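# Architecture at a glance
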Amino acid sequence: MEINIRKRVLEKNETDADQNRAFFKEKNVFVLNMMSSPGSGKTETLCKTLVHLMPDIRVGVIVGDVCTTNDADRLSVTRAKVTQINTDQFGGDCHLAAHLIDASARQLGCDDLDLLIVENIGNLVCPAEFDIGEDARAVVLSVTEGEDKPLKYPLMFQVADIAILNKVDLLPYLEFDAALAVDNMKKVHPGMPVFEISAKTEQGFGPWLEWLRQRVKEKTAR
Amino acid sequence: MHEMGIAEQLVQIAMDAIPKDMDDPRVKILNLRIGKLASVVEHSLTFCFEIITKDTPLENVRLVIESVPVKIHCKSCHKEWETDSPMFKCPDCKEGEVEMISGREIEITSMELADD
Ligand SMILES: Nc1nc2c(ncn2[C@@H]2O[C@H](COP(=O)(O)OP(=O)(O)OP(=O)(O)O)[C@@H](O)[C@H]2O)c(=O)[nH]1
Ligand SMILES: [Mg+2]
Ligand SMILES: [Zn+2]
């Protein structure tokens with residue numbers, strides 16, 4: 001006997017993500033989902049970025065570091081509101097699912113926030129699959145990884161709205177071809193803005209901060 | 001990388017679809033559609049299934065997987081094409097923003113139950 005089913009596995013997550021989106025809209029908060037491989041510099045980029053944005057923009061961060069509190073501790077120094085995610089079965093060893101973001105966002109409270117940043121779990125595969133109800137997705141690639149990463153993980157670079165090429169301060173010491181890396185990103189995602197920065201020296205921060213401020217302004221001006 | 005979670009979800013969906021009035025139901029085949037860009041490795045999924053379906057109506061179920069090609073749509077000139085490489089630049093206008101219209105699926109289409 002054949003039984004028709006036709007159901008998508010991620011249906012539940014998509015419903016949860018839509019609910020998050022409605023919640024964030026009601027709270028007038030812009031949500032950025034930051035993704036990368038482990039160690040590309042998400043936390044470092046955020047630590048430096050938040051200092052420039054606050055207090056004009058009120059920022060909260062949800063950190064998906066599942067094993068330690070290191071990232072949350074580093075970010076707390078910026079005085080942003082920080083909360084660490086608690087994961088569960090279908091929620092999160094390799095990615096953050098929408099229902100976890102819901103719980104954390106409510107715990108954090110979004111009434112007094114303009115910008116909520118989610119530092120996703122270091123992984124270029126799984127987080128790309130899970131909508132969390134964000135307004136924009138950023139993928140961070142560092143110059144200590146390969147130029148071909150965008151071609152190896154096309155889904156991530158395709159679903160991202162912007163890319164950050166981080167650690168450009170190290171370029172003089174490496175054989176990394178930055179132009180090739182950017183070109184590969186644009187093969188996967190034509191027209192995607194790419195910000196070349198160093199979270200260490202803050203080189204190239206201007207356009208990145210400008211983009212973020214603009215997007216927050218568009219969402220919160222209402 | 002999260003095949004175990006996906007397997008658990010698939011099993012849940014299949015179990016829910018088994019008619020409640022059947023006694024000793026046996027699911028022989030699960031028909032799945034999986035996009036070429038979905039992060040699912042077929043043999044890992046099969047392996048996870050073997051582990052979690054032990055002593056359930058899905059024990060020894062055969063997974064029949066239809067692999068869904070990656071299809072891209074250009075938002076400026078509206079060309080649509082299939083691709084096997086991760087180069088998504090529009091071959092016609094070369095500059096249009098593109099969107100993926102298939103290739104990310106992870107879904108069950110149907111299942112086959114043993115007749116008695
Ligand atoms: N030279 C240099 N080092 C950097 C830069 N950004 C980050 N780092 C270093 O790279 C290492 C990893 O940075 P993190 O910010 O912890 O990276 P992450 O992406 O948050 O890592 P996970 O949360 O573990 O996935 C740290 O030792 C940083 O100090 C940069 O722009 N230049
Ligand atoms: Mg981190
Ligand atoms: Zn085109």
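The structure under discussion appears in the preceding block.
Each chain carries its own residue numbering, running from 1 in the direction its sequence is written. Chain letters and ligand numbers both follow the written order, the letters beginning at A and the numbers at 1. Selection of residues for local features in this predicted model requires a pLDDT of at least 70, selection of side-chain atom pairs for listing and counting requires 80 or more, and totals for whole chains, interfaces and linings are taken over all residues. Each side-chain value is derived from all of the structure's non-hydrogen atoms; neither hydrogens nor water enter the calculation.

### Comments concerning the overall build of chain B
Strands here mean DSSP runs of E at least two residues long; helices mean DSSP runs of H or I at least four residues long; both are numbered from the N terminus. For chain B, the count of helices and strands is 2 helices and 6 strands. The N-to-C order of helical and strand elements in chain B reads α-β-α-β-β-β-β-β. Taken over the C-alpha trace, chain B has a radius of gyration of 18 Å; the compact-globule value for 116 residues is 13 Å, which it surpasses by more than 25%. The C-alpha extent of chain B, read off along each of the three principal axes, is 60 × 25 × 15 Å. Residues counted as buried form 47% of the 116 residues belonging to chain B. Long-range contacts, defined here as pairs at least 24 residues apart, represent 70% of the contacts in chain B between residues at least 6 apart. Accessible surface area values rest on a Shrake-Rupley calculation with a 1.4 Å probe, where residue burial reflects the displayed protein chains alone. Summing over all exposed atoms, chain B offers an accessible surface of approximately 6300 Å²; the carbon and sulfur share of this is 48%. Think of it this way: Lys and Arg go in the positive column, Asp and Glu in the negative one, and His and the chain ends go nowhere. Taken as the charge centre is NZ of Lys, CZ of Arg, CG of Asp or CD of Glu, depending on the residue. For chain B, the centre of its 13 positive side-chain charges and the centre of its 23 negative side-chain charges are spaced 7 Å apart. Our radius of gyration looks at C-alpha atoms and nothing else; its globule reference is 2.2 Å times the residue count to the power 0.38. Relative accessibility thresholds used throughout: buried, under 20% of the residue-type maximum; exposed, over 50%; partly exposed, between the two (1.4 Å probe, protein chains only). Residue contacts are counted whenever heavy atoms from the two residues lie within 4.5 Å of one another.

### Some points on the coordination of the zinc ion (ligand 3)
Residues and elements named next belong to chain B. Looking at the zinc ion (ligand 3), the protein donor atoms are Cys74 (SG), Cys77 (SG), Cys90 (SG) and Cys93 (SG), and they sit 2.3 to 2.4 Å from it. Positions of the donor residues of the zinc ion (ligand 3) along the chain correspond to the pattern C-x2-C-x12-C-x2-C. Separated by 16 residues along the polypeptide, Cys77 in the loop between β3 (70-74) and β4 (80-83) and Cys93 in the loop between β4 and β5 (98-102) bring together distant segments of the chain. The class for Cys77 is partly exposed, based on a relative accessible area of 35%. For Na, K and Ca the donor cut-off is 3.2 Å; for every other metal, N, O and S atoms count as donors within 2.8 Å. Water does not enter the count, which can leave sites looking incomplete.

### Comments concerning the layout of surface pockets
Estimated volume of the largest pocket: approximately 370 Å³. Lining the largest pocket are 21 residues, and of these Lys36, Leu37, Ala38, Ser39 and Val40 of chain B lie nearest its centre. Those elements that place two or more of their residues in the lining of the largest pocket are α6 (154-159) of chain A together with β1 (27-35) and β2 (62-68) of chain B. A total of 3 residues in the lining of the largest pocket trace back to one element, the largest contributor, which is α6 of chain A. Residue type decides the class: Asp, Glu, Lys and Arg count as charged, Ala, Val, Leu, Ile, Met, Phe, Trp, Tyr, Cys and Pro as nonpolar, and the leftover types, Gly among them, as polar. Its residues assigned to classes, the lining of the largest pocket comprises 14 nonpolar, 3 polar and 4 charged. Each cavity reported here is a set of points on a 1 Å grid over the protein atoms alone in which a 1.4 Å probe fits but cannot get out, each pocket an open set with protein on both sides within 12 Å along at least five of seven lines, and each lining residue one with an atom within 4 Å of a point. Grid points are joined across faces, edges and corners, and a volume is the space filled by probe spheres set on the points.

### Points about the packing of helix α1 (residues 11-26) of chain A against helix α4 (residues 98-108) of chain A
Helix-helix packing: each pair is described by the crossing angle between the helix axes and the interaxial distance. All names here are of chain A. Axis definition: a line fit to C-alpha positions, over the contact stretch in the case of helices; interaxial angles, taken between N-to-C directions, run 0 to 180 degrees. Packing of α1 against α4 leaves a shortest axis separation of 8 Å and a crossing angle of 30 degrees. For the element pair α1 / α4, the angle class is roughly parallel. For the pair α1 and α4, contact is made by Asn13, Asp16, Ala17, Asn20, Phe23 and Phe24 and by Ala98, His99, Ile101, Asp102, Ala105 and Arg106, respectively. Tallied by class, residues from the contact of α1 with α4 come to 6 nonpolar, 3 polar and 3 charged. Angle categories: roughly parallel below 35 degrees, roughly antiparallel above 145, roughly perpendicular from 65 to 115, and oblique for all the rest.

### As for the coordination of the magnesium ion (ligand 2)
Residue and element names in this part refer to chain A. Around the magnesium ion (ligand 2), the protein contributes the donor atoms Thr43 (OG1), Asp71 (OD) and Glu119 (OE), which lie 2.1 Å from the metal centre. Of note, the donors binding the magnesium ion (ligand 2) are all from one chain and are spaced T-x27-D-x47-E. A residue pair is termed long-range when its members are at least 10 positions apart, and Asp71 in helix α3 (residues 70-76) and Glu119 in strand β5 (residues 115-119) qualify at 48 residues.

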